[in-house]
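What the coordinates show
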Amino acid sequence: MNRRGPSMNVRVGRCRYRSPVICASGTFGYGTELGALADYSAIGAVTTKTVTLDPREGNRPPRIFETAHGVLNSIGLENPGIERFCREIVPALRRMKIPFIVSIGGTTQSEYEELARILDRVAGVKAVELNLSCPNLRLKKMVSQEKVLTKKLVAGVRRRTTKTVIAKLTPEVTDITEIARAAEAGGADALSLVNTYYGMALNVETGVPRLGSVYGGYSGRAIKPLSLYRVWRVYQAVSIPVIGGGGIETADDAIEFFLAGASAVSLGTVNMVYPKCAAGIKKGLQAYLRRRGIPRIARLTGEGHERAKRVG
Amino acid sequence: MKERAVEIRRITQKRPDIFLLTVRSAALANQARPGQFLHVKTDECTTILRRPLSIHRREKQDLSLLVKVRGRGTRALLRRAPGERLNVIGPLGNGFTLSPFPDGGTTMLIAGGIGVAPLVFLAQRLTGTAKRPSTGRKIALIGARTRGEVLCAPEFRRRGFTVKKATEDGSAGRKGSVIELARDLLAARGDARPLRIFACGPEQMFFRLRAAINELCPEPERVRCQVSFEQFMGCGVGVCCACAIPTRQGYKKVCKDGPVFSLHELKERGTE
Ligand SMILES: Cc1cc2nc3c(=O)[nH]c(=O)nc-3n(C[C@H](O)[C@H](O)[C@H](O)COP(=O)(O)OP(=O)(O)OC[C@H]3O[C@@H](n4cnc5c(N)ncnc54)[C@H](O)[C@@H]3O)c2cc1C
Ligand SMILES: Cc1cc2nc3c(=O)[nH]c(=O)nc-3n(C[C@H](O)[C@H](O)[C@H](O)COP(=O)(O)O)c2cc1C
């Protein structure tokens, strides 16, 4: 441990991040809009809101509803399309010196490939995250609910970019380790776990679903144990790094994800409440490492598995 | 816009389900404009997201919110105590546009229920602190279910507004909705002298108001009507795209493009 405290650098795929705390796609906008509300120095990277080839206007409102323990959303990938993204948003991110990962989505494999090809030439893009929770046009289900398609799509993207490829998976499968292995076999450098769970709520007075699109993605504190379990299982199944998240609110939550096998953590819903939360969580992680005399955060990854063996 | 922990000065119960919460922050008070809101972290346990609440009133370094208890968040807020710190982000949103208005014109405020909240701050600004207080006729229409639920009438009177009430049960003012009251007034005007309307209340009220203007005003497109719109909100600062509403120019964000919109640009829900 040097005088400046434990090292918070992490490597995920082909690049290094100055902090292991990453902002999850869709909850931090494009990273540029928050100005003084955010504390960028604590953030390893901002994963931008999923961008598609063509602009999308998003789902019918209402698009968000808070339940007793979590948050339902159905934004519907509202975004300006890749062209405007590259023209307007990328320069702003670079001007502000914000490290960023670009999340991409589409309804067919060729859309993902085309997006990856375009982004391969864009300077400043640290990694491409494949949002594999988009419904596939042909299959009528999410890409990452199907292992053959997952492998094929990741491999297709892999061929079109030299950037780090992160596959972000849905937790809505029978066995997430199968899908994780498929993404690894396709050539993913890293995995991001998890996207939201399906959920819905109804208004008991009117009988009407709370979300305009009837159901949506469930996130926030309620999903933490479920997400942690999936990160644990996937860590055992693959050898590529995992960005873990789902329901993180505090440094302790983040520590659990490292112990379960995460190499970095992602903050989603909590960003919408406390835009500076990455700073507090990073500080909390550092204090924890210092207390335990651990010189670098990377050492914490998967420690829980060692302990579990000893206990069991 | 900034995240701040501001001191709670007072919490005053106004009605069984309505309370006034006053916080102190000179910086916030100086920046705030009528129609803007604070995104409030009501508590740490029972809620996750923040709750948007309009700025109701300003007195020197203090800002007040007028809150109706609806669910977990507003209930938790009522249980907070003076002296505690309240985490808020704000002031947020565009606020009402106060462009120059001809002297002979009429200014009409229309409040449905708790919709009165932002209009009191607006009335303050239209009369009190403005460099050139607007002359002309000033009317405030207040709608509620019953007499006991009519809010803030004295606040408007004190600022030179003629107050007219409408209650659903007829226990005060006109029986019926505040829009029926507005219809009476619009029908009685019968001329095209300048009129501007500021409204806040349940969404359906706006579309009935638009129908009334189109039907009863000789030159409906010249009536300037700004409405403060509600929608379930996420971040409050324009990044999550959760609080979209349909407008004639596509979806807009209530938190960033609004909450104040021109009535003419809104689209009725279900027609998008
Ligand atoms: C820009 C803006 C300004 C507002 N200003 C005020 C104000 O000055 N005073 C005030 O009392 N309220 C105001 N509201 C509404 C207020 O935000 C909601 O009443 C509040 O968020 C409810 O939180 P809760 O936890 O108590 O209810 P919840 O448990 O979240 O929900 C209870 C019920 O309240 C309704 N509700 C929840 N959130 C909203 C919302 N954002 N808009 C409409 N209905 C909602 C739903 O029908 C729900 O069933 C404003 C809303 C917006 C968007
Ligand atoms: C409002 C909102 C918008 C989101 N948008 C996206 C998106 O565009 N792409 C994506 O891959 N995930 C998106 N997500 C999922 C988050 O990135 C994250 O994976 C998920 O919310 C779980 O983490 P959390 O519990 O910390 O929020 C969104 C989540 C929310 C709440």
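Residues numbered from 1 in each chain as written. Chains lettered and ligands numbered in written order. Predicted model: local features only at pLDDT ≥ 70, side-chain atom pairs only at ≥ 80, totals over all residues. Heavy atoms only, no water.

**Description of the domain arrangement of chain B**
Residues and elements named next belong to chain B. Each assigned domain of chain B is listed with its residue range as follows: domain 1 (3-92) and domain 2 (106-265). The interface is formed by 22 residues belonging to domain 1 together with 25 residues belonging to domain 2. When domain 1 packs against domain 2, close to 2,000 Å² is buried across both sides, 63% of that on carbon and sulfur atoms. Contact with domain 2 buries surface across domain 1, with R15, P34 and H56 losing the most and accounting together for 25% of the total. With a shortest N-O distance of 2.8 Å, E155 and R57 are connected by a salt bridge. At the surface where domain 1 touches domain 2, the tally comes to eight residue pairs in polar contact (both at pLDDT 80 or more). (Domains from an automatic or database assignment. Contact = heavy atoms within 4.5 Å. Buried area = accessible area lost by both parts, 1.4 Å probe. Salt bridge = Lys/Arg side-chain N within 4 Å of Asp/Glu carboxyl O. Polar contact = N/O pair within 3.5 Å; in protein donor to acceptor, adjacent residues only side chain to side chain.)

**Some points on the site of ligand 1**
Of all residues adjacent to ligand 1, which total 21 residues, the nearest are R51, P52, R70, G73 and T74 of chain B. Each of chains A and B places residues near ligand 1. Between R210 of chain A and ligand 1, the recorded distance is 3.2 Å, taken from a side-chain N or O atom to an oxygen atom. The contact in question runs from a nitrogen atom of ligand 1 to an N or O atom on the side chain of E230 of chain B, over 3.1 Å. Within the complex, the protein chains bury 87% of what would otherwise be the 850 Å² of accessible surface of ligand 1. Sorting the residues of the shell around ligand 1 by element identifies β4 (51-54), β6 (62-68) and α2 (72-78) of chain B as the ones contributing at least two each. Considering each element in turn, the shell around ligand 1 owes the most residues, four residues, to β4 of chain B. Tallied by class, the residues present in the shell around ligand 1 amount to 10 nonpolar, five polar and six charged. Two domains share the shell around ligand 1, each providing at least three of its residues, namely domain 1 (3-92) and domain 2 (106-265) of chain B. (Near = heavy atom within 4 Å. Areas by Shrake-Rupley, 256 points an atom, 1.4 Å probe, with all protein chains shown as cover. Helix = DSSP H or I, 4+ residues; strand = E, 2+ residues; numbered from the N terminus. Nonpolar A, V, L, I, M, F, W, Y, C, P; charged D, E, K, R; others polar.)

**Remarks on the site of ligand 2**
Residue and element names in this part refer to chain A. The environment of ligand 2 is made up of 21 residues, and the closest members are S25, T50, K168, G247 and T269. V194 is positioned with one of its backbone polar atoms (N or O) 3.0 Å from an oxygen atom of ligand 2. With respect to ligand 2, the side chain of N195 contributes an N or O atom lying 3.3 Å from an oxygen atom.

**Quick look at the side chain of S266 of chain A**
All names here are of chain A. Position of S266 relative to the elements: it lies in strand β14 (residues 264-267). Residue S266 is classed as buried on the basis of its relative accessible area, which comes to 10%. The residues touching S266, leaving out its near neighbours within four places in the chain, are I22, A24, I243, G244, G245, G246 and I248. (Buried < 20%, exposed > 50% of the residue type's maximum accessible area, 1.4 Å probe, protein only.)

**Details of unusual backbone geometry**
Cis geometry marks the peptide bond from L193 of chain A to V194 of chain A; its omega dihedral reads 0 degrees. One can find V194 of chain A in the loop between β10 (190-193) and β11 (197-199). P91 of chain B follows G90 of chain B through a cis peptide bond whose omega is -5 degrees. You can see P91 of chain B is positioned in strand β7 (residues 85-92). Despite not being glycine, L77 of chain A shows a phi value in the positive range, around 55 degrees. One can find L77 of chain A in the loop between β6 (71-73) and α1 (82-95). Judged by its relative accessible area of 23%, L77 of chain A falls in the partly exposed class. Its identity as a non-glycine residue notwithstanding, C241 of chain B has a phi of 60 degrees, on the positive side. With respect to the helices and strands, C241 of chain B occurs in the loop between β13 (224-228) and β14 (244-247).

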